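Working through the structure, step by step
Spelled out, the chains give:
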Amino acid sequence: MYRVVVPIVFALLLPGCSLGTVPLSFGFGDSGSNASSLETPSLGIFGGSGSSRGTSDKQGQRVAALQDNAPGNSYAKPKPGALDGRDYSQTTLDVEHARKLINEYRKKHGLKPLQLSPELTAAAKAHSRDLARFDRISHYGSDGSNPLDRVKRAGYNPRLAAENVGTGQATFEEVLQGWKASPSHNKNLLMADARHMGIALVQDPKTEFKTFWTLVLGAPQ
């Protein structure tokens, strides 16, 4: 049984930032408070041809496809210039520091700490690169992949998997604060059964979103 939870967070969460009509969340569920999460007892829409499309980088990792195969209405883009006034000169990701902050938060809720997974890290990096290439926010990759596709593609055999995505934040503390403030993202951070995590940041000053953060959590079979 696979369980995949996939909310997203936008730079719209930032104080003083307006991205026009970009939604705070969208995804695989129906409308309502759980619109951005899905639980399925089978592969369902997470299987099939989506995992067979894309290209490979020099290390053999699957990255963005040359042709954009993301499903229609599955992504959003920012309002041009919305983040031009923000300073990203000091933006960086310290993976161990990020893991420490997440585990401290989980400990406060009586949960076990997460260990870094090379496979989940690879999945997070591939998705952040893909989002930056197309300057958008989505749980679908440009090759049509979904979070479960990417986790499995990276060599992780999941019993459950979850993905949080953020764009426009200048620090990990900022994106983590946004995730904590969002019920669906917070639910992922506090997923009791999660055992592993991978996290990535891609920066591109030529894009409107500027920063692309991906957090992947999971538990193996």
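Just so you know, these numbers come straight off a predicted model, no measurement behind them.

1. Examining the side chain of Ser145
As for its placement among the helices and strands, Ser145 is situated in the loop between strand E7 (137-138) and helix H3 (147-153). Looking at Ser145, its side chain comes within polar contact range of the side chain of Asp143, at 2.7 Å.

2. Thoughts on the environment of His127
Mapped onto the elements, His127 comes out in helix H2 (residues 118-134). Judged by relative accessible area, His127 falls into the buried class, the value being 1%. The sequence separation of His127 and Ser145 amounts to 18 residues, and the corresponding C-alpha distance is 9.5 Å. Contacts of His127, omitting those with residues within four sequence positions, involve Ser138, His139, Tyr140, Gly141, Arg150, Glu163, Val165 and Thr214.

3. Structural notes on the packing of aromatic side chains
Summed over all chains, the structure comprises three aromatic pairs. Here the aromatic rings of Phe172 and Trp179 are separated by 6.4 Å at their centres, their planes lie at 75°, and the arrangement is edge-to-face. Accessibility classification places Phe172 together with Trp179 in one group, the buried group. Centroid distance Phe209 to Phe212: 6.1 Å. Interplanar angle 90°. Geometry classified as edge-to-face. Of the two residues, Phe209 and Phe212, neither departs from the other in class, the shared state being buried. Every member of this aromatic cluster is reached through a ring pair, and the members are Phe172, Trp179 and Trp213.

4. With respect to the pattern of salt bridges
Summed over the entire model, instances satisfying the criterion amount to seven salt bridges. Residues Asp84 and Lys210 are paired through a salt bridge, measuring 3.7 Å at the closest nitrogen-oxygen approach. Placement of Asp84 in the loop between strand E5 (75-76) and helix H1 (95-108) and of Lys210 in the loop between strand E9 (196-203) and strand E10 (211-220) is noted, with a sequence separation of 126 residues between them. Among the ionic pairs, Asp143 bridges to Arg153, the shortest N-O distance being 2.9 Å. Pair noted here: Asp143 is in the loop between E7 and H3 and Arg153 is in helix H3, with a separation of 10 residues, a long-range link. For Asp143, a relative accessible area of 1% translates into the label buried.

Rules used in this analysis
Residues numbered from 1 in each chain as written. Predicted model: local features only at pLDDT ≥ 70, side-chain atom pairs only at ≥ 80, totals over all residues. Heavy atoms only, no water. Helix = DSSP H or I, 4+ residues; strand = E, 2+ residues; numbered from the N terminus. Polar contact = N/O pair within 3.5 Å; in protein donor to acceptor, adjacent residues only side chain to side chain. Buried < 20%, exposed > 50% of the residue type's maximum accessible area, 1.4 Å probe, protein only. Contact = heavy atoms within 4.5 Å. Phe/Tyr/Trp six-rings, centres within 6.5 Å; stacked < 30°, edge-to-face > 60°. Salt bridge = Lys/Arg side-chain N within 4 Å of Asp/Glu carboxyl O.

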